Amino acid sequence: MAEVIVVGGGVGGMVAALLLSRAGHRVRLHEQLDRLGGKLAERGRDGFAFSLGPSLLTLPEVFHELGVAREAVALDELCRYRFADGSVLRAYRDPDRMAAEVERFAPGQGAAWEAFYAWARKCFEASQRTFFAGPVGRRPPDGNPADLLAVAPGRTLHGLARRFFDDRRLRQYVGRYATYAGSSPYRAPAALGCVPAIEHGAGGWYVPGGLPRLAEDLAGLLDDAGVEVRTGSTVARVLSDGESVTGVVLASGEREAADAVLVNADAAELYGRLLPDRRRLRRIAGLGTSSSAFLMLAGVDGRTDGLPHHSVVFSGDYRREFADIFQRRVPPEDPTVYIGCSAVDDPSQARPGRRTGRCWSTSRRATRSGGRWRRRRTGIWSWSGWRAAGTTCRDGCGSWSCSRPRTCGTGTGPGAERSMARRTGGGWRRCAVRATAGRAAACTWWAGRCIPGAGSRWWR
Ligand SMILES: Cc1cc2nc3c(=O)[nH]c(=O)nc-3n(C[C@H](O)[C@H](O)[C@H](O)COP(=O)(O)OP(=O)(O)OC[C@H]3O[C@@H](n4cnc5c(N)ncnc54)[C@H](O)[C@@H]3O)c2cc1C
């Protein structure tokens, strides 16, 4: 039996702590926030509930195998994609139905989707035998050389999309899977194309009450397993005697000895601060950072018929959008926007007759235009370059901006709202963001109706 310290109480850290404890070790988990879950977080206000991080669950059996008893709900329509030309693709869980939908959407491309799906399945199977089978670096017992070729090494996700699809919109749909990992489809490896094999095979799921319920379930299992959990406890340093780790130092100055330390935080945090290692840090820095999300939470009056749980509204020029984010390092003028509305499948997420929703687009923290992206404690970046002279929130508000000099700012610049309105067929008319003390909030217009002060009322 070893003394093990786990750093980080996100899903990864919690599961690692649980498995180590069940394997007979004495485990202590340190989480710097005052709650467990990490990015699996939520915010509630005035009868509305918002997931701040994950909204779509895949492979729920992984949680069941750990002992989580909660039942998830399978979504029939995984996501609805709207493209700049106004066309709509509905992604159904059932692969045959999805192929038929692709054929309707872009005649002649149904067979191409079937071929793409077959490739994705092979890629996923190969990943299960290798990448998911155990620690990276250890030779996987069931792997074989063909598995290397199955992941299309050397090809980007966009390159993979070009291999299968003639239709530009379908390439954009494939490219979207890169954003699951905060990456650009023009740089991310083709292996991310295995995700559709999971979503269209095992399905995409929702957890009633919101995905953060899983964090509560895991916390209960940690308790049952006897893991000592310390929240509000920041690990400042991992101690080492030059050969192996010997424990940690907490921000409070306290020292704790351990036979092993498992850090489930960003690698840059580990090699930059906790256990400084210049060589490894340089390698990570060379990869660059992944993209951040600009997130808005909106509770609105009324219901919009036909709105699905998950929608993606694509930009008109995907290549330019990612060049903005990863090369020019500015928030994209025409962003792809994800809209999640959990109240579609779960009335507990909003007050009767109302909707809760969140929408986000990817961007990067660096901007040129006076202002900066700030990292919030949730791990999400928010824009804090407030304009001194705000426009009003009413008609004529020409961008993601709103009233109140000094407390309001623009999100992605003039034109973004207009292009969103165009791309959602007029559904999403305006989106205004207000911020106070670094907290971004939203007041919103939906389906041509102004929702008076939905944001300003909450966040005052
Ligand atoms: C907006 C958004 C949407 C997403 N949507 C989905 C989705 O729909 N489906 C999906 O599967 N995934 C989604 N993801 C990804 C998913 O949220 C993450 O992959 C997952 O939550 C990561 O869990 P983790 O435990 O590895 O890390 P984290 O959740 O980041 O946990 C790390 C924890 O370590 C703590 N920590 C760090 N340093 C220290 C320290 N020195 N001392 C103590 N504690 C420390 C942090 O406070 C944090 O709680 C989404 C992510 C975001 C941001």
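Turning next to the overall build of the protein chain. Regarding its fold elements, the protein chain presents 14 helices and 23 strands. For the protein chain, the proportion of its 460 residues judged to be buried stands at 43%. Expressed as a percentage of contacts within the protein chain between residues at least 6 apart in sequence, the contacts between residues at least 24 apart total 59%.

Glancing now at the sheet that holds strand β5 (residues 57-58). One open sheet holds the three strands; their spatial order is β5-β9-β6, and the pairing between them is antiparallel. The open sheet has two edge strands, β5 and β6 (73-74), and neither has a second partner. Sheet topology note: the β6/strand β9 (residues 204-206) ladder contains two bridges and is antiparallel. Paired with Val73 across the bridge in β9 is Tyr206.

A few words on the nonpolar core. Formed by 98 residues in total, the largest nonpolar core has its most connected members in Ala17, Cys123 and Leu157. Looking at which element gives the most residues to this core, the answer is helix α4 (residues 110-129), with eight residues. In contact with Cys123, other than residues within four places in its own chain, are Ala150, Val151, Ala191, Gly193, Cys194 and Ala197.

Here we come to the site of the ligand. In the vicinity of the ligand, 26 residues are found, and the nearest of them are Gly8, Gly10, Gly12, Gly38 and Pro54. When residues of the shell around the ligand are traced back to their parent elements, those giving at least two are α1 (11-22) and β2 (26-31). It is α1 that contributes the most residues to the shell around the ligand, three residues altogether. Built from parts of two domains, the shell around the ligand gets at least three residues from each of domain 1 (3-40 + 212-286) and domain 3 (292-459).

What follows is about unusual backbone geometry. Backbone geometry at Leu59 places phi at a positive 50°, although glycine is not the residue there. Examined against the element boundaries, Leu59 turns out to sit in the loop between β5 and α2 (61-66). Looking at Leu59, the number of C-beta atoms within 10 Å reads 13, which means it is partly exposed. The residue Ala152 is not glycine, and still its phi comes out positive at about 50°. By C-beta crowding, Ala152 is classed as partly exposed, having 19 other C-beta atoms within 10 Å.

Let us now look at helix α7 (residues 168-175). Residue pairs spaced three or four apart in an α-helix point in one direction, given the helix's 3.6 residues per turn. Burial analysis of α7 places six of its eight residues in the buried class, the great majority of the element. All of the buried residues along α7 are Leu170, Arg171, Gln172, Tyr173, Val174 and Gly175. Its buried side turned inward, α7 meets β7 (77-82), β8 (88-92), α6 (157-164) and α12 (318-328).

Take the pairing of strand β11 (residues 235-240) next. In summary, the side chains of a regular strand alternate between the two faces of the sheet. Relative to strand β12 (residues 245-250), β11 runs antiparallel, the two sharing five bridges. Bridge pairing links Val238 to Val248 in β12. Remark: four residues form the turn of the hairpin made by β11 and β12, two consecutive strands paired antiparallel; Gly242 in that turn has positive phi of roughly 95°.

Once that is clear, we can look at the sheet that holds strand β1 (residues 3-7). The strand order across the open sheet built from four strands is β10-β2-β1-β14, with neighbouring strands paired in parallel fashion. Strands with a single pairing partner mark the edges of an open sheet, and in this sheet they are β10 (228-231) and β14 (260-263). Between one strand axis and the next, the sheet turns by 15° as a mean value, whatever way the strands run. Two strands pair when backbone bridges link them, and β2 and β10 are joined in this way by four bridges, in the parallel orientation. Bridge pairing in β10 links His30 to Arg230.

A separate point is the environment of Glu254. By secondary structure assignment, the location of Glu254 is in the loop between β12 and β13 (255-257). Sequence spacing of Glu254 and Val235 is 19 residues, and the spatial spacing of their C-alpha atoms is 9.5 Å.

This part covers the packing of α6 against α7. Contact geometry of α6 with α7 gives a least axis separation of 9 Å together with a crossing angle of 140°. The handedness of the crossing between α6 and α7 comes out as right-handed. When α6 is examined against α7, the residues Leu157, His158, Leu160, Ala161 and Arg162 are found in contact with a partner set consisting of Arg171, Val174 and Gly175. A breakdown of the residues in the contact of α6 with α7 according to their chemical character gives four nonpolar, two polar and two charged.

A few words now on the confidence of the model for the protein chain. Averaged over all residues, the pLDDT of the protein chain equals 80, while 77% of them reach at least 70. Across residues 364-460, where pLDDT falls below 50, the model places 199 contacts with residues more than four positions away in sequence or in other chains.

Attention now moves to α12. Every buried residue belonging to α12 is among Tyr318, Glu321, Phe322, Asp324 and Ile325, and all of these are buried. Taken around the axis of α12, the buried residues stretch over an arc of 145°, which confines them to a single face. A positive phi of about 55° marks Arg329, the residue just after α12.

A word on the pairing of strand β17 (residues 337-340). Burial along β17 is two-sided: Val337 and Ile339 and Tyr338 and Gly340, pointing in opposite directions, are all buried. Looking at chain direction, strand β16 (residues 310-313) and β17 are connected through four bridges and run antiparallel. When the sheet's bridge partners are listed, His310 is paired in β17 with Gly340.

Here we take up the environment of Asp46. Tracing the backbone through its elements, the reader meets Asp46 in the loop between β3 (42-45) and β4 (48-51). Separated by 305 residues in sequence, Asp46 and Arg351 place their C-alpha atoms 8.2 Å apart.

Attention now moves to the packing of α1 against helix α9 (residues 212-225). At a closest axis distance of 10 Å, the pairing of α1 and α9 adopts a crossing angle of 25°. The orientation of α1 with respect to α9, classified from their angle, is roughly parallel. The two elements α1 and α9 meet at a crossing, and its hand is left-handed. Contacts between α1 and α9 involve Val11, Met14, Val15, Ala17, Leu18, Ser21 and Arg22 from the first element and Ala215, Leu218, Leu221, Leu222 and Ala225 from the second. Per-class residue counts for the contact of α1 with α9 are ten nonpolar, one polar and one charged.

Reading the values: rules and limits
Residues numbered from 1 in each chain as written. Predicted model: local features only at pLDDT ≥ 70, side-chain atom pairs only at ≥ 80, totals over all residues. Helix = DSSP H or I, 4+ residues; strand = E, 2+ residues; numbered from the N terminus. Buried ≥ 20, exposed ≤ 12 C-beta atoms within 10 Å, placed from the backbone. Contact = placed C-beta atoms within 7 Å. Pairing = 2+ DSSP bridges. Core = buried A, V, L, I, M, F, W, Y, C linked by C-beta atoms within 7 Å. Near = placed C-beta within 6 Å. Domains from an automatic or database assignment. Axes fitted to C-alpha atoms, helices over the stretch in contact; angles between N-to-C directions. Left-handed = near helix turned anticlockwise from the far one by under 90°. Nonpolar A, V, L, I, M, F, W, Y, C, P; charged D, E, K, R; others polar. pLDDT = per-residue confidence, 0-100. Arc of directions from axis to C-beta. Parallel < 35°, antiparallel > 145°, perpendicular 65-115°, else oblique.

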